[in-house]
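# Geometric and topological summary
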Amino acid sequence: MQTGAGEQAFQNYVLPELDVLYRVAFSITRNNADAEDLVQDTLLRAYRAIDRFDGRHPRAWLLTIMRNAQINRVRRKRPELLRDPDTTMGRVADESADGEGADRRLLDRTLDAAVETAYLDLPEKFREVIDLVDLSGLSYLETADILDVPVGTIMSRLHRARKRVRDHLESVGIDAATTAAPEDQ
Amino acid sequence: MIFGKKPGGISCRQVAKDLQTFLDEETDDESRRHRIAEHLEACRDCGLEADTYRAIKGALAQRAPEIDPATMERLRAFSADLSDDTP
């Protein structure tokens, strides 16, 4: 059982990040059930450690906990993945193309479809960074922390990924700068 | 490209190098941020380049799936249970 202060800190620092934690967990695991397990594992570890947390940068603190939790999970499930530090976060399966986009209402379906195609063509390492920065809204530093790579690597992967998306748009004749205007399409 | 001029006091090449970081609001140096913004306002090509990447970022961000409310509910319940169950 936590102290009253610990309970309060957990409420103040951890619970507001629940949404981000889930998105990041999903980016890492690519699977709803595993993402939920990973968030639970992170919450449990955070709860136990909250008394030692100084209250600064709760998201970064939680992401570090999540990273460690995931490393342990991968070690239990797939020890061979640990040989390559770049894969320590583990890609259990590549199931990103699950067709769940059917309900989305897109302002520009042409642009979005082309971006989707380009995204699915990206190497997993690039997609992972796009997910964490563009979808989950993490900073470069937070992304570097969760993936356990230098910030420069994050920047390089992110920029190369977007360049590839851009090149794909060009190759299919889409001018993103003008096509993105809302309505009209 | 504006030959012979450097809007914002920086070249198109320098802007291209820093554009992604700028769009991600990760440019720490405030004066550099201002100079890039000024350049993008004045230079049509760089401005279009920025619009292109903004559109790409926007389209990528739209891919964010809705989180199942039931999942969030379970996670909140799990958090609440921690207070009761953790020794």
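Residues numbered from 1 in each chain as written. Chains lettered and ligands numbered in written order. Predicted model: local features only at pLDDT ≥ 70, side-chain atom pairs only at ≥ 80, totals over all residues. Heavy atoms only, no water.

### Overview of the overall build of chain A
The helix and strand inventory of chain A stands at 9 helices and 0 strands. In chain A, once contacts between residues fewer than 6 apart in sequence are set aside, the share between residues at least 24 apart is 66%. (Helix = DSSP H or I, 4+ residues; strand = E, 2+ residues; numbered from the N terminus. Contact = heavy atoms within 4.5 Å.)

### Details of helix 7 (residues 140-147) of chain A
With 6 of 8 residues buried, helix 7 of chain A is to be regarded as a mostly interior element. Taken together, the buried positions of helix 7 of chain A are Tyr 140, Glu 142, Thr 143, Ala 144, Ile 146 and Leu 147 of chain A. Those residues of helix 7 of chain A hidden inside the fold are in contact with helix 2 (18-29), helix 4 (58-77), helix 6 (124-135) and helix 8 (151-171) of chain A together with helix 1 (12-23) of chain B. Downstream of helix 7 of chain A by a residue or two, Asp 148 of chain A has a phi angle that is positive, lying close to 60°. (Buried < 20%, exposed > 50% of the residue type's maximum accessible area, 1.4 Å probe, protein only.)

### With respect to unusual backbone geometry
Of note, the phi angle at Asp 148 of chain A is positive, near 60°, even though the residue is not glycine. Look at Glu 25 of chain B: it is not a glycine, yet its phi comes out positive at around 55°. Tracing the backbone shows Glu 25 of chain B in the loop between helix 1 and helix 2 (30-42).

### Details of the pattern of salt bridges
Residue and element names in this part refer to chain A. Considering all chains together, one arrives at 20 salt bridges over all chains under this definition. Note that Asp 145 and Arg 67 form a salt bridge whose closest N and O atoms lie 3.1 Å from each other. Of this pair, Asp 145 sits in helix 7 while Arg 67 sits in helix 4, placing them 78 residues apart in sequence. A relative accessible area of 21% means that Asp 145 is categorised as partly exposed. A relative accessible area of 13% places Arg 67 in the buried class. With a closest N to O distance of 3.7 Å, Asp 148 and Arg 67 form a salt bridge. Separated by 81 residues along the polypeptide, Asp 148 in the loop between helix 7 and helix 8 and Arg 67 in helix 4 bring together distant segments of the chain. (Salt bridge = Lys/Arg side-chain N within 4 Å of Asp/Glu carboxyl O.)

### Side note on helix 6 of chain A
Residues and elements named next belong to chain A. Along helix 6, 11 of the 12 residues are buried, which leaves the element largely enclosed by surrounding structure. Listing the buried residues of helix 6 in full gives Glu 124, Phe 126, Arg 127, Glu 128, Val 129, Ile 130, Asp 131, Leu 132, Val 133, Asp 134 and Leu 135. Note on helix 6: the residue one or two positions beyond its end, Gly 137, has a positive phi of about 75°.

### A look at the confidence of the model for chain B
Looking at chain B, pLDDT values average 88 and 90% of them are 70 or higher. Scored by ipTM, the complex comes to 0.80, with pTM at 0.71. (pLDDT = per-residue confidence, 0-100.)

### Some points on the interface of chain A and chain B
Of the residues lining the interface, 41 residues belong to chain A; the matching set on chain B comes to 32 residues. Of the roughly 3,400 Å² buried between chain A and chain B, counting both surfaces, carbon and sulfur atoms make up 63%. Inspection of the chain A/chain B interface yields 4 salt bridges. Between Arg 166 of chain A and Glu 49 of chain B there is a salt bridge; the shortest N-O distance is 2.4 Å. Inspection of the chain A/chain B interface yields 7 residue pairs in polar contact (both at pLDDT 80 or more). When residues of the side of chain A that touches chain B are assigned to their parent elements, the largest contribution, 8 residues, is made by helix 8 of chain A. When grouped by side-chain class, the residues that make up the side of chain A that touches chain B number 24 nonpolar, 3 polar and 14 charged. (Buried area = accessible area lost by both parts, 1.4 Å probe. Polar contact = N/O pair within 3.5 Å; in protein donor to acceptor, adjacent residues only side chain to side chain. Nonpolar A, V, L, I, M, F, W, Y, C, P; charged D, E, K, R; others polar.)

### Details of the side chain of Thr 42 of chain A
All names here are of chain A. Locating Thr 42 in the fold gives a position in helix 3 (residues 32-49). By relative accessible area, Thr 42 is classed as buried at 0%. Excluding residues within four positions of it along the chain, Thr 42 makes contact with Leu 62, Ile 65, Met 66 and Ala 69.

### Some words on the nonpolar core
Judged by nonpolar contacts, the single largest core of 69 residues is most densely connected at Val 24, Val 39, Leu 43, Trp 61, Met 66 and Ile 146 of chain A. Non-local contacts of Val 24 of chain A, meaning those with residues more than four positions away in its chain, are made with Leu 63, Met 66, Leu 132, Ser 136, Leu 138 and Ile 146 of chain A. (Core = buried A, V, L, I, M, F, W, Y, C linked by side-chain atoms within 4.5 Å.)

### Concerning the confidence of the model for chain A
Residue and element names in this part refer to chain A. Averaged over all residues, the pLDDT of chain A equals 79, while 78% of them reach at least 70. Averaged pLDDT values over the elements of chain A bottom out at 72 in helix 9 (residues 176-179) and peak at 94 in helix 3. Ignoring residues within four places in sequence, the model shows residues 81-107, a span with pLDDT below 50, making 45 contacts including any to other chains. Every residue in residues 181-185 scores below 50 in pLDDT, and together they form 5 contacts with partners more than four places removed in sequence or on other chains.

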